[in-house]
Amino acid sequence: MRPEARAETTRDRLLDGRLVLHQQAGGHRAGTDAVLLAAATRLSPGELLVDVGAASGAVGLMIAARVDGARVALLERDADLAALGARNAAENGMGARVFALCADHLAGPAIAPGLADAVATNPPFFEAADTPASPDPRRARAHVLRGATLGAWIDACARLLKRRGRLTLIQRADKLAACLAALAPAFGAVRLACIHPRAERPATRVLIEAVKGARTPLAILPAIVLHEADGRFTPAAERAHREGVLEGGFS
(Lines give C-alpha, C1' and ligand atoms only; values in the text may rest on other atoms or scores of the structure.)
Protein backbone atom coordinates (compact mmCIF):
# COMPACT_ATOMS: atom_id res chain seq x y z
CA MET A 1 0.00 0.00 0.00
CA ARG A 2 1.28 3.46 -0.79
CA PRO A 3 1.98 5.78 2.11
CA GLU A 4 -0.92 8.12 2.75
CA ALA A 5 1.31 11.17 2.18
CA ARG A 6 1.73 10.06 -1.44
CA ALA A 7 -1.97 9.81 -2.17
CA GLU A 8 -2.75 10.25 -5.84
CA THR A 9 -4.75 13.27 -6.88
CA THR A 10 -7.21 14.05 -9.62
CA ARG A 11 -7.81 17.31 -11.45
CA ASP A 12 -11.55 17.96 -11.51
CA ARG A 13 -13.81 20.86 -12.41
CA LEU A 14 -16.75 22.44 -10.61
CA LEU A 15 -19.29 25.14 -11.49
CA ASP A 16 -19.72 24.04 -15.08
CA GLY A 17 -15.96 23.86 -15.56
CA ARG A 18 -15.09 27.33 -14.26
CA LEU A 19 -13.32 26.10 -11.14
CA VAL A 20 -10.38 23.67 -11.10
CA LEU A 21 -10.13 21.39 -8.07
CA HIS A 22 -7.19 19.11 -7.36
CA GLN A 23 -8.29 16.54 -4.77
CA GLN A 24 -7.15 13.20 -3.50
CA ALA A 25 -8.26 10.27 -5.62
CA GLY A 26 -9.28 8.28 -2.53
CA GLY A 27 -10.95 9.22 0.73
CA HIS A 28 -13.59 11.93 0.99
CA ARG A 29 -14.15 13.84 -2.25
CA ALA A 30 -16.18 16.96 -3.01
CA GLY A 31 -19.66 16.30 -4.38
CA THR A 32 -23.22 17.52 -4.12
CA ASP A 33 -22.96 18.24 -0.37
CA ALA A 34 -20.13 20.69 -1.05
CA VAL A 35 -22.02 22.29 -3.94
CA LEU A 36 -25.16 22.85 -1.86
CA LEU A 37 -23.24 24.17 1.15
CA ALA A 38 -21.34 26.66 -1.00
CA ALA A 39 -24.49 27.77 -2.82
CA ALA A 40 -26.38 28.29 0.46
CA THR A 41 -23.68 30.37 2.17
CA ARG A 42 -24.41 34.09 2.13
CA LEU A 43 -21.38 36.33 1.76
CA SER A 44 -20.78 39.88 0.54
CA PRO A 45 -17.71 41.42 -1.13
CA GLY A 46 -15.10 42.32 1.47
CA GLU A 47 -16.39 39.90 4.09
CA LEU A 48 -14.30 37.06 5.55
CA LEU A 49 -15.50 33.45 5.32
CA VAL A 50 -13.86 30.54 7.13
CA ASP A 51 -14.38 27.16 5.45
CA VAL A 52 -14.01 24.83 8.46
CA GLY A 53 -12.83 21.33 7.62
CA ALA A 54 -12.06 22.58 4.14
CA ALA A 55 -10.24 19.50 2.75
CA SER A 56 -8.91 20.65 -0.64
CA GLY A 57 -11.01 23.81 -0.54
CA ALA A 58 -14.03 23.05 -2.72
CA VAL A 59 -16.61 24.92 -0.62
CA GLY A 60 -14.56 28.03 0.05
CA LEU A 61 -13.35 28.25 -3.54
CA MET A 62 -16.87 27.95 -4.96
CA ILE A 63 -18.00 30.75 -2.67
CA ALA A 64 -15.01 32.90 -3.65
CA ALA A 65 -15.80 32.27 -7.31
CA ARG A 66 -19.36 33.48 -6.77
CA VAL A 67 -18.57 36.50 -4.57
CA ASP A 68 -15.93 38.68 -6.14
CA GLY A 69 -13.88 40.49 -3.49
CA ALA A 70 -14.74 38.12 -0.64
CA ARG A 71 -11.88 36.81 1.48
CA VAL A 72 -11.76 33.10 2.34
CA ALA A 73 -9.73 31.08 4.84
CA LEU A 74 -9.55 27.33 4.17
CA LEU A 75 -9.11 25.72 7.60
CA GLU A 76 -7.96 22.10 7.39
CA ARG A 77 -6.01 19.94 9.85
CA ASP A 78 -4.54 17.51 7.28
CA ALA A 79 -1.34 19.01 5.90
CA ASP A 80 -1.63 17.30 2.50
CA LEU A 81 -5.20 18.54 2.02
CA ALA A 82 -4.31 22.05 3.17
CA ALA A 83 -1.51 22.08 0.59
CA LEU A 84 -4.02 21.09 -2.08
CA GLY A 85 -6.26 23.95 -0.95
CA ALA A 86 -3.41 26.42 -1.39
CA ARG A 87 -2.61 24.93 -4.80
CA ASN A 88 -6.23 25.20 -5.88
CA ALA A 89 -6.48 28.81 -4.76
CA ALA A 90 -3.39 29.70 -6.79
CA GLU A 91 -4.43 27.76 -9.89
CA ASN A 92 -7.83 29.48 -9.91
CA GLY A 93 -6.24 32.92 -9.64
CA MET A 94 -7.52 33.48 -6.08
CA GLY A 95 -4.24 33.38 -4.18
CA ALA A 96 -4.52 37.03 -3.15
CA ARG A 97 -7.80 36.53 -1.27
CA VAL A 98 -8.06 32.79 -0.50
CA PHE A 99 -5.53 31.28 1.89
CA ALA A 100 -5.14 27.84 3.44
CA LEU A 101 -4.44 27.26 7.13
CA CYS A 102 -3.29 23.87 8.43
CA ALA A 103 -4.69 23.64 11.96
CA ASP A 104 -6.99 21.51 14.09
CA HIS A 105 -10.31 23.36 14.37
CA LEU A 106 -11.00 21.76 17.77
CA ALA A 107 -7.57 22.38 19.31
CA GLY A 108 -7.88 26.15 19.56
CA PRO A 109 -8.41 29.18 17.34
CA ALA A 110 -6.16 29.30 14.29
CA ILE A 111 -7.87 32.59 13.43
CA ALA A 112 -8.54 35.38 15.92
CA PRO A 113 -11.88 34.79 17.67
CA GLY A 114 -14.72 36.98 16.47
CA LEU A 115 -13.05 37.85 13.18
CA ALA A 116 -15.18 35.96 10.64
CA ASP A 117 -18.34 37.28 9.03
CA ALA A 118 -19.39 33.79 7.99
CA VAL A 119 -18.43 30.15 8.55
CA ALA A 120 -19.31 27.28 6.24
CA THR A 121 -18.81 23.72 7.39
CA ASN A 122 -19.67 20.11 6.63
CA PRO A 123 -19.03 18.63 10.10
CA PRO A 124 -17.98 14.99 10.35
CA PHE A 125 -21.16 12.95 10.17
CA PHE A 126 -20.46 10.65 13.12
CA GLU A 127 -19.13 10.68 16.65
CA ALA A 128 -16.79 7.89 17.69
CA ALA A 129 -19.53 5.73 19.25
CA ASP A 130 -21.93 6.04 16.31
CA THR A 131 -20.47 3.71 13.72
CA PRO A 132 -17.40 1.65 12.85
CA ALA A 133 -14.80 3.80 11.14
CA SER A 134 -14.02 3.39 7.45
CA PRO A 135 -10.89 1.31 6.78
CA ASP A 136 -9.67 4.20 4.62
CA PRO A 137 -7.90 6.49 7.14
CA ARG A 138 -8.58 9.64 5.10
CA ARG A 139 -12.30 8.88 4.88
CA ALA A 140 -12.44 7.95 8.57
CA ARG A 141 -10.90 11.30 9.58
CA ALA A 142 -13.35 13.19 7.39
CA HIS A 143 -16.45 11.36 8.62
CA VAL A 144 -15.82 10.60 12.31
CA LEU A 145 -15.20 13.00 15.20
CA ARG A 146 -12.57 11.42 17.44
CA GLY A 147 -12.57 12.58 21.06
CA ALA A 148 -15.10 15.34 20.38
CA THR A 149 -18.77 15.98 19.72
CA LEU A 150 -20.85 17.83 17.18
CA GLY A 151 -21.56 20.39 19.89
CA ALA A 152 -17.84 21.03 20.34
CA TRP A 153 -17.43 21.47 16.58
CA ILE A 154 -20.26 24.03 16.42
CA ASP A 155 -19.02 25.83 19.55
CA ALA A 156 -15.62 26.22 17.88
CA CYS A 157 -17.35 27.66 14.80
CA ALA A 158 -19.20 30.14 17.03
CA ARG A 159 -15.92 31.39 18.48
CA LEU A 160 -14.66 32.28 15.01
CA LEU A 161 -17.69 34.43 14.23
CA LYS A 162 -18.48 38.05 14.91
CA ARG A 163 -21.73 38.81 16.70
CA ARG A 164 -24.45 38.41 14.06
CA GLY A 165 -22.04 36.34 11.98
CA ARG A 166 -23.57 33.53 9.97
CA LEU A 167 -22.93 29.80 10.25
CA THR A 168 -24.01 27.56 7.36
CA LEU A 169 -23.70 23.80 7.62
CA ILE A 170 -24.83 20.62 5.93
CA GLN A 171 -25.34 17.41 7.87
CA ARG A 172 -27.12 14.06 7.73
CA ALA A 173 -30.89 14.39 8.20
CA ASP A 174 -30.86 12.02 11.17
CA LYS A 175 -28.53 14.45 12.96
CA LEU A 176 -31.03 17.35 12.81
CA ALA A 177 -31.99 17.18 16.50
CA ALA A 178 -28.32 17.11 17.51
CA CYS A 179 -27.59 20.11 15.26
CA LEU A 180 -30.43 22.18 16.71
CA ALA A 181 -29.38 21.34 20.27
CA ALA A 182 -25.77 22.28 19.53
CA LEU A 183 -26.80 25.57 17.91
CA ALA A 184 -29.14 26.67 20.70
CA PRO A 185 -26.60 28.17 23.14
CA ALA A 186 -25.01 30.64 20.71
CA PHE A 187 -27.26 30.90 17.67
CA GLY A 188 -30.75 31.93 16.62
CA ALA A 189 -32.54 32.91 13.42
CA VAL A 190 -32.13 29.30 12.33
CA ARG A 191 -33.29 28.54 8.80
CA LEU A 192 -33.26 24.99 7.56
CA ALA A 193 -34.21 23.00 4.50
CA CYS A 194 -34.44 19.24 4.10
CA ILE A 195 -32.65 17.76 1.09
CA HIS A 196 -34.35 14.84 -0.66
CA PRO A 197 -32.69 12.65 -3.31
CA ARG A 198 -36.11 12.44 -5.04
CA ALA A 199 -39.44 14.01 -4.20
CA GLU A 200 -40.96 10.77 -2.91
CA ARG A 201 -37.96 9.74 -0.79
CA PRO A 202 -37.09 10.75 2.78
CA ALA A 203 -34.59 13.52 3.31
CA THR A 204 -30.96 12.42 3.58
CA ARG A 205 -29.40 15.79 4.45
CA VAL A 206 -30.33 19.05 6.16
CA LEU A 207 -28.96 22.44 5.19
CA ILE A 208 -28.92 24.95 8.05
CA GLU A 209 -28.09 28.63 8.45
CA ALA A 210 -27.92 30.23 11.91
CA VAL A 211 -26.93 33.69 13.17
CA LYS A 212 -24.70 34.16 16.21
CA GLY A 213 -26.45 36.07 18.98
CA ALA A 214 -29.82 36.22 17.21
CA ARG A 215 -33.07 35.19 18.85
CA THR A 216 -35.44 35.06 15.87
CA PRO A 217 -37.47 31.82 15.83
CA LEU A 218 -36.62 28.90 13.60
CA ALA A 219 -37.92 28.93 10.01
CA ILE A 220 -38.33 25.86 7.82
CA LEU A 221 -37.65 26.61 4.17
CA PRO A 222 -38.99 24.72 1.14
CA ALA A 223 -37.47 21.29 0.64
CA ILE A 224 -34.67 20.85 -1.87
CA VAL A 225 -35.16 17.94 -4.28
CA LEU A 226 -32.07 16.81 -6.15
CA HIS A 227 -33.29 14.41 -8.85
CA GLU A 228 -36.26 13.96 -11.15
CA ALA A 229 -37.90 10.54 -11.50
CA ASP A 230 -35.60 9.77 -14.47
CA GLY A 231 -32.45 10.53 -12.45
CA ARG A 232 -31.66 13.92 -13.98
CA PHE A 233 -30.97 16.86 -11.69
CA THR A 234 -33.96 19.04 -10.93
CA PRO A 235 -33.66 22.61 -12.27
CA ALA A 236 -32.74 23.87 -8.78
CA ALA A 237 -30.01 21.26 -8.34
CA GLU A 238 -28.72 21.87 -11.86
CA ARG A 239 -28.46 25.60 -11.18
CA ALA A 240 -26.59 24.98 -7.93
CA HIS A 241 -24.05 22.79 -9.72
CA ARG A 242 -23.62 25.04 -12.74
CA GLU A 243 -24.00 28.55 -11.27
CA GLY A 244 -23.36 28.08 -7.57
CA VAL A 245 -26.76 29.57 -6.73
CA LEU A 246 -29.40 27.92 -4.57
CA GLU A 247 -33.07 28.81 -4.80
CA GLY A 248 -35.59 28.50 -2.00
CA GLY A 249 -34.65 31.07 0.63
CA PHE A 250 -30.89 30.80 1.21
CA SER A 251 -29.82 33.47 -1.28
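A brief look at the structure comes next. Nothing here was measured: the structure is a model prediction, and the numbers come from that model.

Conventions and cut-offs
Residues numbered from 1 in each chain as written. Predicted model: local features only at pLDDT ≥ 70, side-chain atom pairs only at ≥ 80, totals over all residues. Heavy atoms only, no water. Pairing = 2+ DSSP bridges. Helix = DSSP H or I, 4+ residues; strand = E, 2+ residues; numbered from the N terminus. Right-handed = clockwise from strand over helix to strand, strands pointing away. Contact = heavy atoms within 4.5 Å. Axes fitted to C-alpha atoms, helices over the stretch in contact; angles between N-to-C directions. Parallel < 35°, antiparallel > 145°, perpendicular 65-115°, else oblique. Left-handed = near helix turned anticlockwise from the far one by under 90°. Nonpolar A, V, L, I, M, F, W, Y, C, P; charged D, E, K, R; others polar. Buried < 20%, exposed > 50% of the residue type's maximum accessible area, 1.4 Å probe, protein only.

Every regular strand shows the same layout, with side chains that alternate between the two sheet faces. Bridge count for strand β4 (residues 71-76) against strand β5 (residues 98-102) is five bridges, and the pairing is parallel. From the neighbouring strand, A73 faces β5, where its bridge partner is F99. Note on the crossover from β4 through helix α3 (residues 79-91) to β5: the handedness is right-handed.

Next up on the list: unusual backbone geometry. When glycine is set aside, most residues are seen to have a negative phi, and most peptide bonds are trans. Its identity is not glycine, yet L15 carries a phi of approximately 55°, on the positive side. A positive phi angle, close to 60°, is found at D16, a residue other than glycine. Inspection of the secondary structure puts D16 in the loop between β1 (9-14) and β2 (19-24).

Let us look at the environment of C102. Assignment of secondary structure puts C102 in strand β5. When near neighbours in sequence (up to four residues on either side) are disregarded, C102 contacts E76, R77, D78, A79 and A82.

Contact pair helix α1 (residues 32-40) / helix α2 (residues 58-66): the axes reach a minimum separation of 9 Å and the direction vectors enclose 40°. Judged on the interaxial angle alone, α2 and α1 are oblique. Two packed elements cross with a definite hand, and for α1 against α2 that hand is right-handed. Along its contact with α1, which presents A34, V35, L37, A38 and A39, the element α2 presents A58, V59, M62, I63 and R66. Taken together, the residues of the contact of α1 with α2 break down into nine nonpolar, no polar and one charged.

Let us now look at the environment of L101. Note that L101 resides in strand β5. Residue classification places L101 among the partly exposed residues on the basis of a relative accessible area of 22%. Separated by 28 residues in the primary sequence, L101 and A73 have C-alpha atoms spaced 6.9 Å apart. When neighbours within four sequence positions are excluded, L101 is seen to be in contact with L74, L75, E76, A82, A110 and I111.

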